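For reference, the chains in residue letters:
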Amino acid sequence: MASLLTIAEVAERTGLTAHTLRYYERAGLIAPVARAPGGQRRYAASDMEWIGFLLRLRETQMPIGQMQAFARLRSEGNATAPERRELLEQHLAQVLATITAMQQAAQVLQAKIGHYRDLEASLRHTPSSPHQGSPHVPRNPTPLSPGPRQAARNRRPRR
């Protein structure tokens, strides 16, 4: 890596736009970047490492406010290590809870996909009927329970 990179080079390497990089600097996520004599930003290897970490935080859906708090603590030096660790531990707990919820949702989707595959296989093995290919509609459908909004509307007195 060259010792200093332009904003265009950083944008190309990170996938961020130049606008986003400037926003990150204004928002306090990135410390003010060194400037060339003409005023153009020049990013060092340490800037690139920090931007890489910010991208990981963003990938884990860390809110911008928490990212700013972490960046602020980082700028205050090693004395804030305990606070930074706690912030990351709390965020990690949220990330792991999200992963667990997504895994459970994926299992439900896999089961539903399996159900439809089985249904498709059984339809291929049944004799032709006049309704083949059309969705199955029960003769006496049972109404679903109303959702919370509909249930609330049903309870309201009519005027």
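About the criteria used
- What you see as residue numbers is a count from 1 along each chain, following the sequence as written.
- A pLDDT threshold of at least 70 governs which residues receive local features in this predicted model, and a stricter bar of 80 or more applies before side-chain atom pairs are shown or counted, although totals over entire chains, interfaces and linings include all residues.
- For the side-chain quantities, the full set of heavy atoms in the structure was used; hydrogens and water were omitted.
- Where helices are involved, their axes are fitted lines through C-alpha atoms of the stretch in contact, as for all axes, and angles between N-to-C directions lie from 0 to 180°.
- A run of H or I in DSSP counts as a helix once it spans at least four residues, and a run of E counts as a strand once it spans at least two, with each numbered from the N terminus.
- Roughly parallel means an angle under 35 degrees; roughly antiparallel means over 145; roughly perpendicular covers 65 to 115; every other angle is labelled oblique.
- We call two residues contacting when some pair of their heavy atoms lies within 4.5 Å.
- Gly falls in the polar group here, along with every residue not listed as nonpolar (Ala, Val, Leu, Ile, Met, Phe, Trp, Tyr, Cys, Pro) or charged (Asp, Glu, Lys, Arg).
- Residue types Ala, Val, Leu, Ile, Met, Phe, Trp, Tyr and Cys, when buried and joined through side-chain atoms within 4.5 Å, form a set referred to as a nonpolar core.
- Three labels apply to residues, based on accessible area from a 1.4 Å probe with only protein chains included: buried if under 20% of the type maximum, exposed if over 50%, partly exposed otherwise in between.
- Throughout this description, the term salt bridge denotes a Lys or Arg side-chain nitrogen within 4 Å of a carboxyl oxygen of Asp or Glu.

A.B. asks: Teacher, can you tell me more about the packing of helix 1 (residues 7–14) against helix 2 (residues 18–26) here?
C.D. replies: For any two helices packed against each other, the geometry is given by the interaxial angle and the distance between the axes. Where helix 1 meets helix 2, the closest approach of the two axes is 9 Å, and the angle between their N-to-C directions is 105°. Put simply, helix 1 runs roughly perpendicular to helix 2. Where helix 1 approaches helix 2, its residues Ile-7, Val-10 and Ala-11 are matched on the opposing element by Ala-18, Leu-21 and Arg-22. For the contact of helix 1 with helix 2, a count of residues per class yields 5 nonpolar, no polar and 1 charged.

A.B. asks: Looking at this structure, I do not really get the nonpolar core. What am I missing?
C.D. replies: As a rule of thumb, soluble globular proteins bury nonpolar side chains together. If you look at the biggest cluster of nonpolar residues, it comprises 23 residues, and the most contacted ones within it are Val-10, Leu-21, Ile-30, Tyr-43, Ile-51 and Leu-54. Elements supplying a minimum of two residues to this core: helix 1, helix 2, helix 3 (45–59) and helix 4 (64–75). The biggest single contributor to this core is helix 3, with 6 residues. Apart from residues no more than four positions distant in its own chain, Tyr-43 is found in contact with Ser-3, Leu-4, Leu-5, Thr-6, Ile-7, Val-10, Leu-21, Glu-25, Val-33 and Ile-51.

A.B. asks: How should the side chain of Thr-80 be read in this particular structure?
C.D. replies: For Thr-80, the position within the fold is in the loop between helix 4 and helix 5 (81–124). The residues touching Thr-80, leaving out its near neighbours within four places in the chain, are Leu-73 and Arg-74.

A.B. asks: What is the right way to look at the pattern of salt bridges in this model?
C.D. replies: Between side chains of opposite charge, a pair can form when the charged atoms approach closely. Under the criterion given, the structure shown has 4 salt bridges. When the shortest N-O distance is used, the salt bridge between Glu-89 and Arg-85 registers 2.9 Å. You can see Glu-89 and its partner Arg-85 sitting in helix 5, 4 residues apart, about one turn around the helix. Look at Glu-89 and you get partly exposed, because its relative accessible area is 45%. By relative accessible area, which is 42% here, Arg-85 ends up partly exposed. The network of salt bridges with shared partners includes Glu-25, Arg-35 and Arg-41.

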